[in-house]
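Coordinates in review
Each chain, written out:
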Amino acid sequence: MTDSKYFTTTKKGEIFELKAELNSDKKEKKKEAVKKVIASMTVGKDVSALFPDVVNCMQTDNLELKKLVYLYLMNYAKSQPDMAIMAVNTFVKDCEDPNPLIRALAVRTMGCIRVDKITEYLCEPLRKCLKDEDPYVRKTAAVCVAKLHDINAQLVEDQGFLDTLKDLISDSNPMVVANAVAALSEIAESHPSSNLLDLNPQSINKLLTALNECTEWGQIFILDCLANYMPKDDREAQSICERVTPRLSHANSAVVLSAVKVLMKFMEMLSKDLDYYGTLLKKLAPPLVTLLSAEPELQYVALRNINLIVQKRPEILKHEMKVFFVKYNDPIYVKLEKLDIMIRLASQANIAQVLAELKEYATEVDVDFVRKAVRAIGRCAIKVEQSAERCVSTLLDLIQTKVNYVVQEAIVVIKDIFRKYPNKYESVIATLCENLDSLDEPEARAAMIWIVGEYAERIDNADELLESFLEGFHDESTQVQLQLLTAIVKLFLKKPTETQELVQQVLSLATQDSDNPDLRDRGYIYWRLLSTDPVAAKEVVLAEKPLISEETDLIEPTLLDELICYIGTLASVYHKPPSAFVEGSRGVLHKGLPPRTGSIEGPESPDTAPSGEPAADQPSVIPTQGDLLGDLLNLDLGPPVTGPPMATSTVPMGAVDLLGGGLDSLIGGSGSFTAAPSSTAPTNVGAPLGSGLGDLFDLTAGVGTLSGSYVAPKTVWLPAMKAKGLEISGTFSRQVGSISMDLVLTNKALQVMSDFAIQFNRNSFGLAPAAPLQVHAPLAPNQSVEISLPLNTVGSVMKMDPLNNLQVAVKNNIDVFYFSTLYPLHILFVEDGKMERQMFLATWKDIPNENETQFQIKDCSLNAGGDGHSSTALGSCASA
Amino acid sequence: MCFQQKMIHSLFLINCSGDIFLEKHWKSVVSQSVCDYFFEAQEKAIDVENVPPVISTPHHYLISIYRDKIFFVSVIQTEVPPLFVIEFLHRVADTFQDYFGECSETAIKDNVVIVYELLEEMLDNGFPLATESNILKELIKPPTILRSVVNSITGSSNVGDTLPTGQLSNIPWRRAGVKYTNNEAYFDVIEEIDAIIDKSGSTVFAEIQGVIDSCIKLSGMPDLSLSFMNPRLLDDVSFHPCIRFKRWESERVLSFIPPDGNFRLISYRVSSQNLVAIPVYVKHMISFKENTSSGRFDVTIGPKQNMGKTVEGVVMTVHMPKAVLNMNLTATQGSYTFDPVTKVLTWDVGKITPQKLPNLKGMVNLQSGAPKPEENPSLNIQFKIQQLAISGLKVNRLDMYGEKYKPFKGVKYITKAGKFQVRT
């Protein structure tokens, strides 16, 4: 006798029949009827019409029947809110049942009924259940708070449930702790600003204790929560790591991966010289490898994560190459991922093995996989220089197989190899040319044409080859057309006598017969170049190309660091930050790796260092001199006096420069104080000078108010190479109380850029854009635009290292780019910071004598500029 | 209202012909049409095994597993650890297997109400609630013919009405008050060899995936210690939560209060090349000729490093290239079949006797006019060796504390081929 009998229908109409049975007096018949209703529900049939009849069955002593009715209610309450009220009384009663199982069941089901009217009645029973004597009920109630919060957040806060939930973190039962953590994490996720999970060493300790005792699922919640904690120093980080490490041996792979996340994150804080660091590295490898022997779906997720881990810390798995070797019956999605990791782990030591494997894969059946394997051989050649020769000969062997798609892939990668190792492997060109006719994919055709154009002087019949492509010019894809145009121009510049006709033909095809603007523009440019100055044309077209980089598909370091914080999540599978794809992720929480705090810094600086910004040196010349200052102050600030002889000690800079450079360096400007701008500074500082020392104190303030503070020259923050052609340079300034970020966006790509947007990561002073980034027109290639972005300091705060580090994300229609920069602290100084003289002196005296250094300023010319010196000196001291 | 669902929103069970035969929603009802994205991916993948486990759709994520010819497709709405979901889905499938003896469409349809009760018990608001088999069994009794007869006579139900004892204790995997007349503890040490052997017969990659599966039927609260002759073999181990990790770290002894019944005590991996013996070798000659549209096939299997034990249950499967029409072979031992549709050649060899090595040879007929196949097929070998753990792992002794009776103890060893592939 099976449940399939519940699916049989009768002629009269199912609903009618069921209704009658539900209202039957016989208990057994009722139960059978409810079962039939549930069975219909499981296959997606709408049985909501039976709502009142089913609810009538709710008041019963039979637990199974009660559970079944609850199941039904959860599914349909939302569509019948008025009817659902009928159930409330039973719920409230059940919450006081002597059997904890029933209490828990009631509170659990109530939370699942997403009907506003019911939630009001839920509060009291829930409050009781949160303090129930039975931990099973408390644990269920903890989850219920999260459910309720989802329905009505305000209500939960008003009722104080959040505090009760926080108290449960200290519960004696580990299961309750785990569920409280899970509930709090879920609530915190929707309120990123709230300090719900306010983790401190004490609560961390409780979590770590609960970690050992709760169920596997609870362990995942706790580990994920731990990963968000920021240990205060390396010692704390190490002790947490030590207590998390045993989780690496758990049978549940999700527990293992969450533990890996915690370790990868906190490892960042450990000094590489520590013995423990090495131990930890060794401990991480086996569990990661073990994940690969699990079911293919688990393998896939594990591989995506391992891909991130080997990019961040290749040393963990460097000896484990073999486990990534592909088995022929692996699912294709596993094969492709394994291949990717094999290339990342390829090194001189293992390249022979890797190549042998790749060659094996290149003869497999699956086309996608074969293609990727061929491409991988090319990537190995580019990555491991010593292997390049072997890779090229392997590729040539593959070309000999004449398998169409293998040949095409091989040609595409050989083009890259030429770019990486110029003048080394050109002897193979002849072999490549033999396969010209079999190429039917645009990428391969374009690659081949590029090769012919680039090496036209070595290919006797280059003109014939290119001419043969030209016949079907209009049927080619744009990629091929552009390549063909360039190749023929190259050919012409190399062999002008024989190919004049050909170049004219292609130029006219490109400019007159094509309606593709890119092609036409490129055609015109070549045409003009050739007709006005052939020598220049030669220099431009045949210019030496920069070598291509080692690895082309590495994840950008700041993004990688963020993704490491998301190990084990969907973000790690998609290799994108959650903000980029999860729908409705309220509040973007950018996560970052903790800075290394160890007292002994490893020799290699952590790769988290902001790109392209050398940390500002400590200012070497600070015009601070104790007794000089004393003298100045003793002057009683009378009429303009001849100040003591002053000058910069080393460079004969003007007064103004000293002000600029001095201030800038003193407050740790963006490291650009070598070039003090002569254009901005004088106008800025000039005006308030001249009234002598009397204005000394006003001046320090005046520097900030009237005329705006010192503005460093713009420096390149984001080089075009790193941002698909978008170059960003900029600086920070403060004008009449408002901070702004002055940007120049330059489009160095070949396509038009638009849809610009900007976002800051949390930073030490809460700097945030006060307005969206306004770029009014799309940015055409080689065009640049200046923008002044107003900033405010009301954003969320997170301590950065260095303190004035700012991480910025800029988006355009092409991609999202990340960079970081340092802002000068003076842009944050408010203008009304004027101090009374006595106050200043008192403050000055508070600074211990050890902190004073002295030096003489000599040869100072006695003009208004001189005052500038002294005032700066003071200003510097005051801020020191 | 903005819906936020932390974990699994809905679950659909889909059979191989694309019918959704069960759906369960933990919050609001998600329309079946969301599965269209899954079907699309399935179509693209051609082979059922190749459907990607994570699929993104405009509003949801679909995370799926494929088990026993059923797709378990879960619907996710927000950021969630995919491994969590996948592990959970496998646990659901394990539970069905445990309850109904098989995880099949028929079994699920026949027990749809229990399935529904189970799913409800296993997940609350996306948080896994009870996934330990013994706790579930106290909450919801597994169906038996006898019980359904009794239930229908007495009107009693298959739902437990008291709180499972293990649910909250420090040992959630064991219930209190276990009683047996015969107290027994059995351990199966099962090792699978994963290997890739290249054309020339040398080992490209080999490792052992081992597990110790236990069947413990002991009364009361027994506290067991299992020690090994050579525990140093085990340096990469995953433990059942019952094992005291500290004890293992310091003494290399497995100390635990076992769950009741069947469970996996540990799983381990032995990868260092010299420890992995390869018990069989394969001599092969497979070639295709273009002009005659035919080819030769000649394979011999022999024993190697088998520690004096018999290699049995040998089966070879080969995915032949598409161009192969049929095969005309003679086997000196066992029988072979060739499926001209899937192009799979299966040779059931049986036991290997070193005196007379099994051989399979003959002609391969290719589609006329088709180009000669580029790829050479890999040979997939299965085998079994009784009473041997190929890594050499040996149980030393089992001690029991906490209970007075003398249990019956047994250890069994077996070695099998895992993913054992020979390239040709």
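Definitions and cut-offs
Residues numbered from 1 in each chain as written. Chains lettered and ligands numbered in written order. Predicted model: local features only at pLDDT ≥ 70, side-chain atom pairs only at ≥ 80, totals over all residues. Heavy atoms only, no water. pLDDT = per-residue confidence, 0-100. Contact = heavy atoms within 4.5 Å. Buried < 20%, exposed > 50% of the residue type's maximum accessible area, 1.4 Å probe, protein only. Helix = DSSP H or I, 4+ residues; strand = E, 2+ residues; numbered from the N terminus. Pairing = 2+ DSSP bridges. Phe/Tyr/Trp six-rings, centres within 6.5 Å; stacked < 30°, edge-to-face > 60°. Lys NZ or Arg CZ within 6 Å of the ring centre and 35° of its normal. Axes fitted to C-alpha atoms, helices over the stretch in contact; angles between N-to-C directions. Core = buried A, V, L, I, M, F, W, Y, C linked by side-chain atoms within 4.5 Å. Salt bridge = Lys/Arg side-chain N within 4 Å of Asp/Glu carboxyl O. Polar contact = N/O pair within 3.5 Å; in protein donor to acceptor, adjacent residues only side chain to side chain. Nonpolar A, V, L, I, M, F, W, Y, C, P; charged D, E, K, R; others polar.

1. Topic: the confidence of the model for chain A
All names here are of chain A. With 80% of its residues at a pLDDT of 70 or more, chain A shows a mean pLDDT of 77. Confidence drops under a pLDDT of 50 for residues 584-588, and excluding neighbours within four residues, the segment shows 9 contacts in the predicted structure. In this model, residues 864-880 is a region of pLDDT below 50 whose contacts with residues beyond four sequence positions or in other chains number 36 contacts.

2. Concerning the pairing of strand E1 (residues 8-15) of chain B
Residues and elements named next belong to chain B. Here E1 lies mainly inside the structure; 8 of its 8 residues are buried. Examined bridge by bridge, E1 and strand E5 (residues 70-76) share 7 bridges and lie antiparallel to one another. Along E5, the bridge assignment pairs Asn15 with Ile70. Two elements, E1 and strand E2 (residues 20-25), share 5 bridges in a ladder whose sense is antiparallel. Residue Ser10 lies in a different strand from E2, and its bridge partner there is His25.

3. Focus on the packing of aromatic side chains
In total, this model carries 26 aromatic pairs over all chains according to the counting rule given. Looking at B:Lys24, its charged tip hangs above the ring of B:Trp26, at a distance of 5.5 Å from the centre.

4. Quick look at the sheet that holds strand E7 (residues 805-811) of chain A
All names here are of chain A. In space, the 3 strands of this open sheet follow the order E4-E7-E8, with antiparallel pairing throughout. Strand pairing shows two members of the sheet lacking a second neighbour, strand E4 (757-760) and strand E8 (816-822), which therefore form its edges. Neighbour-to-neighbour, the strand axes of this sheet turn through a mean angle of 25°, independent of strand direction.

5. Details of the nonpolar core
Counting 282 residues, the largest nonpolar core has B:Phe72 and B:Phe96 as its most contacted members. If you look at the next biggest cluster of nonpolar residues, it comprises 72 residues, including B:Phe239, B:Phe256, B:Val311 and B:Ala417.

6. Things to note about the pairing of strand E19 (residues 344-350) of chain B
All names here are of chain B. Pairing of strand E16 (residues 312-319) with E19 involves 6 bridges; the strand directions are antiparallel. Considered in E19, the bridge of Val318 is made with Leu345. Judged from the 5 bridges that link them, strand E18 (residues 335-339) and E19 form a sheet pairing that is antiparallel. From the neighbouring strand, Phe338 faces E19, where its bridge partner is Leu345.

7. Details of the interface of chain A and chain B
Between chain A and chain B, the residue contacts involve 101 residues of the former and 100 residues of the latter. Linking chain A with chain B are 7 salt bridges. With a closest N to O distance of 3.4 Å, A:Arg108 and B:Glu120 form a salt bridge. Counting across the interface, chain A meets chain B through 21 residue pairs in polar contact (both at pLDDT 80 or more). Considering every element that reaches the side of chain A that touches chain B, the biggest residue donor is helix H8 (residues 135-151) of chain A, with 8 residues. Each residue belonging to the side of chain A that touches chain B can be placed in one class, and the counts come to 52 nonpolar, 21 polar and 28 charged.

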